[in-house]
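Residue-level structure breakdown
The primary structure of each chain is shown beneath.
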Amino acid sequence: MMDTKILKTTENDIKTAGEIIRGGGLVAFPTETVYGLGASAYDADAAKKIYKAKGRPSDNPLIVHVCDKAQIEEVAREIPENALRAIEKFMPGPITVILKKRDTIPDDVTAGLDTVAVRCPDNETARMLISAAGVPIAAPSANISGKPSPTNSKHVINDMTGRIDAIINGGNCRVGVESTIVDFSSDKPVILRPGGVTYDALREAGIDVVTDKNIFQSVSENEAPKCPGMKYKHYAPDAEVTVVEGEKDAVQNKIKELIEENKGKIIGVLAMYGAEYDDAVILAAGETNKEYAKNLFSALREFDELGVEIVFAEFCERDGYGPAVKNRLYKAAAQRVIHV
């Protein structure tokens, strides 16, 4: 195990972190969405270290993070008009655009694809780190592969201590789920992963976008994923998760039945309708889907810390963040969903 430095967001510590990135090392850092696990986007060997540290399948592409919009041209060889519109409107922010890549980005970063996923985070520490490193930073979420993504430094320290060179402690993430990913590499822009920039916001910006069929399921075993999160088990705590989806009374009545059926086990409920349950550990998801997105991953991790064996998650799509929450919940539950 390596000695992992815990760094602050001071200028000196960010400079140290930038030197680690330039030297081929790995640094976990905060963004507005979740914490990222970063390495130089130009260094194939460093990218391999990311996959090893996370236990991540090597056919799962990484997202390249840039410190400003101009830096996108260093990693992408084509930026279509629709993509330019998205970049101007939503960056810095929780959106990732997929573009045709330049040869400077190694195949180990893009999982052999001829496209690159790029984003400019809306987090000052993240952008300062990229600037200090002097290179774009390839970074997936800074968690053990398959586990809930980390939304505060404690989660990263638990998962990554001894596996990476440094962790920047930047507090809590504002959005709480990963960026929206939009593929602009072909004729029609396609949302491959919903996130902090909603479908409605993209349409209102004049981008004629459609949604990929795999958003609420996984791609087939022999299909190459075009972006992170499309193929493998994701976001899952140790506890078994079941989503119970519908309106309040029906959802709560069903969960009460399920609690009764599973007596003797430690049950958790992720509640968006308020606490109505005996014999269960109850954590609040938030009344809106935007609040749910912010709280989801930390709640799933807290259930594990509390020794919960089975989680029943209340869910109802209420606002533009609904698809982002639904995408993560369905994958955390391995498609165990009850519609009532």
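Further up the page is the structure itself.
Quick summary incoming for the structure in this document. From a predicted model like this one, the values you see are computed outputs, not experimental measurements. (Residues numbered from 1 in each chain as written. Predicted model: local features only at pLDDT ≥ 70, side-chain atom pairs only at ≥ 80, totals over all residues. Heavy atoms only, no water.)

1. Things to note about the overall build of the chain
Of the regular secondary structure elements, the chain holds 11 helices and 16 strands. Relative to the 2.2 N^0.38 estimate, which gives 20 Å for 340 residues, the radius of gyration of the chain is 20 Å and therefore close to what a compact globule would have. If you line up the chain on its principal axes, its C-alpha atoms span 55 × 45 × 35 Å. The buried share of the chain, taken over its 340 residues, is 57%. For the chain, the share of sequence-separated contacts (at least 6 apart) that also reach a separation of at least 24 residues comes to 68%. When the accessible surface of the chain is totalled, it reaches about 13800 Å², and 45% of it is carbon and sulfur. The positive charge centre, built from 42 side chains, and the negative charge centre, built from 51, are 2 Å apart in the chain. (Helix = DSSP H or I, 4+ residues; strand = E, 2+ residues; numbered from the N terminus. Rg over C-alpha atoms; globule rule 2.2 N^0.38 Å. Buried < 20%, exposed > 50% of the residue type's maximum accessible area, 1.4 Å probe, protein only. Contact = heavy atoms within 4.5 Å. Areas by Shrake-Rupley, 256 points an atom, 1.4 Å probe, with all protein chains shown as cover. Lys, Arg positive; Asp, Glu negative; His and termini not counted. Charge placed at Lys NZ, Arg CZ, Asp CG, Glu CD.)

2. Considerations on the pairing of strand S12 (residues 240–245)
Counting buried residues in S12 gives 5 out of 6 residues, a clear majority hidden from the surface. In this sheet, strand S16 (residues 337–339) lies alongside S12 in parallel orientation, the contact comprising 3 bridges. Bridging from a neighbouring strand, Glu245 pairs with His339 of S16. (Pairing = 2+ DSSP bridges.)

3. Comments concerning the pattern of salt bridges
In total, this model carries 19 salt bridges according to the counting rule given. The partner of Glu88 in a salt bridge is Lys69, with the nearest N and O atoms 3.8 Å apart. On the criterion of sequence distance, the pair formed by Glu88 in helix H4 (residues 81–90) and Lys69 in the loop between strand S4 (63–65) and helix H3 (72–75) is long-range, its members being 19 residues apart. For Glu88, a relative accessible area of 54% corresponds to the exposed category. Since its relative accessible area comes to 27%, Lys69 is described here as partly exposed. Its salt-bridge partner being Asp122, residue Arg127 comes within 4.0 Å of it at the nearest N-O pair. The exposure class of Arg127 is partly exposed, given its relative accessible area of 24%. (Salt bridge = Lys/Arg side-chain N within 4 Å of Asp/Glu carboxyl O.)

4. A few points about helix H9 (residues 248–261)
Its 14 residues place the ends of H9 20 Å apart at the C-alpha level, agreeing with the 20 Å of an ideal helix rising 1.5 Å per residue. Within the sequence span of H9, burial applies to Val251, Gln252, Ile255, Leu258 and Ile259. The buried residues of H9 occupy an angular sector of 120° when the element is viewed end-on, so they sit on one face. For H9, exposure combined with an orientation more than 90 degrees from the buried face picks out Asp249 and Glu261. (Expected span 1.5 Å × (residues − 1). Arc of directions from axis to C-beta.)

5. A closer look at the sheet that holds strand S15 (residues 310–315)
Spatially, 5 strands are ordered S14-S13-S15-S12-S16 in an open sheet, and the strand pairing comes out parallel. Lying at the two open borders of the sheet, with one neighbouring strand each, are strand S14 (281–284) and S16. Within the sheet, the average angular offset between the axes of one strand and its neighbour, ignoring direction, is 20°. (Axes fitted to C-alpha atoms, helices over the stretch in contact; angles between N-to-C directions.)

6. Structural notes on the packing of helix H1 (residues 11–22) against helix H6 (residues 124–133)
Running from N to C, H1 and H6 cross one another at 55°; their axes reach a closest spacing of 8 Å. In terms of their interaxial angle, H1 and H6 are classed as oblique. Pair H1 / H6 crosses with right-handed handedness. Touching Ile14, Lys15, Ala17, Gly18, Ile21 and Arg22 of H1 are Thr125, Met128, Leu129, Ala132 and Ala133, all from H6. Of the residues in the contact of H1 with H6, the class split is 7 nonpolar, 2 polar and 2 charged. (Parallel < 35°, antiparallel > 145°, perpendicular 65-115°, else oblique. Left-handed = near helix turned anticlockwise from the far one by under 90°. Nonpolar A, V, L, I, M, F, W, Y, C, P; charged D, E, K, R; others polar.)

7. Here we look at the environment of Val325
The topology assignment puts Val325 in helix H11 (residues 322–332). By relative accessible area, Val325 is classed as buried at 0%. For the pair Val325 and Val135, spaced 190 residues apart in the sequence, the C-alpha separation amounts to 32 Å. Residues contacting Val325, with those up to four places away along its chain left out, are Asn289, Tyr292, Ala293, Leu296 and Phe315.

8. Considering the sheet that holds strand S3 (residues 36–40)
Paired through their backbone hydrogen bonds, the strands of a sheet run either parallel or antiparallel. On the basis of which strands lie adjacent, the open sheet formed by 11 strands has the order S1-S8-S2-S3-S7-S4-S6-S5-S9-S10-S11 and mixed pairing. The open sheet terminates on both sides in strands that have one partner only, identified here as strand S1 (5–7) and strand S11 (210–211). Pairing analysis gives 4 bridges linking strand S5 (residues 95–100) to strand S6 (residues 115–119), with the strands arranged antiparallel. Its bridge partner lying in S6, Ile98 is registered against Ala117.

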